[in-house]
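A look at the structure
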Amino acid sequence: IVEGILTRTLKPLLKECKGVEDIFKLRGVDPACGSGSFLLGAYQMIHDHILEACSASKKNEHYVEYDDSGAVRLKFKAKRRILEE
């Protein structure tokens, strides 16, 4: 249910965002009333979208870092910002 809601609501909004900063302007509500499943799903979808956008553009080193094997991942401060904003 959570995945379906997020796919129909959040995913189209993420696609409309012109850049990472636009993503942080989005606001939402937790319809699950305390279970945390919706918020965790939304976090993961936003995380994956930012990671994909930054990886594809090779920009935004402010948000991503590369490990020893060359794999890209979000920096801690980017993950924290997703949770806070």
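Up top is the structure.
Summary of the structure given here. (Residues numbered from 1 in each chain as written. Predicted model: local features only at pLDDT ≥ 70, side-chain atom pairs only at ≥ 80, totals over all residues. Heavy atoms only, no water.)

1. Observations concerning the nonpolar core
Counting 20 residues, the largest nonpolar core has Leu10, Ile46, Ile50, Tyr63, Leu74 and Ile82 as the members making the most contacts within it. Mapped onto this core, the elements with two or more residues apiece are α1 (2-16), α2 (20-23), α3 (37-57) and α4 (76-84). Broken down by element, this core gets its largest block of residues, eight residues, from α3. The residues contacting tyrosine 63, other than those within four sequence positions of it, are Val20, Glu21, Phe24, Cys54, Arg73, Leu74, Lys75, Ala78 and Arg81. (Core = buried A, V, L, I, M, F, W, Y, C linked by side-chain atoms within 4.5 Å. Buried < 20%, exposed > 50% of the residue type's maximum accessible area, 1.4 Å probe, protein only. Helix = DSSP H or I, 4+ residues; strand = E, 2+ residues; numbered from the N terminus. Contact = heavy atoms within 4.5 Å.)

2. Section: the side chain of histidine 47
For histidine 47, the position within the fold is in helix α3. For histidine 47, a relative accessible area of 13% gives the class buried. A distance of 3.2 Å separates the side chain of histidine 47 from the side chain of aspartate 48, its partner in a polar contact. Beyond its immediate chain neighbours, meaning those up to four positions away, histidine 47 contacts Leu74, Lys79 and Ile82. (Polar contact = N/O pair within 3.5 Å; in protein donor to acceptor, adjacent residues only side chain to side chain.)

3. Things to note about the packing of α1 against α3
Their axes nearest at 10 Å, the elements α1 and α3 cross at an angle of 35°. Judged by the sense of rotation from one axis to the other, the crossing of α1 with α3 is right-handed. Residue-level contacts link Val2, Ile5, Leu6, Thr7, Leu10, Lys11, Leu14 and Lys15 of α1 to Ser37, Phe38, Gly41, Ala42, Met45, Ile46 and His49 of α3. Taken together, the residues of the contact of α1 with α3 sort by class into nine nonpolar, four polar and two charged. (Axes fitted to C-alpha atoms, helices over the stretch in contact; angles between N-to-C directions. Left-handed = near helix turned anticlockwise from the far one by under 90°. Nonpolar A, V, L, I, M, F, W, Y, C, P; charged D, E, K, R; others polar.)

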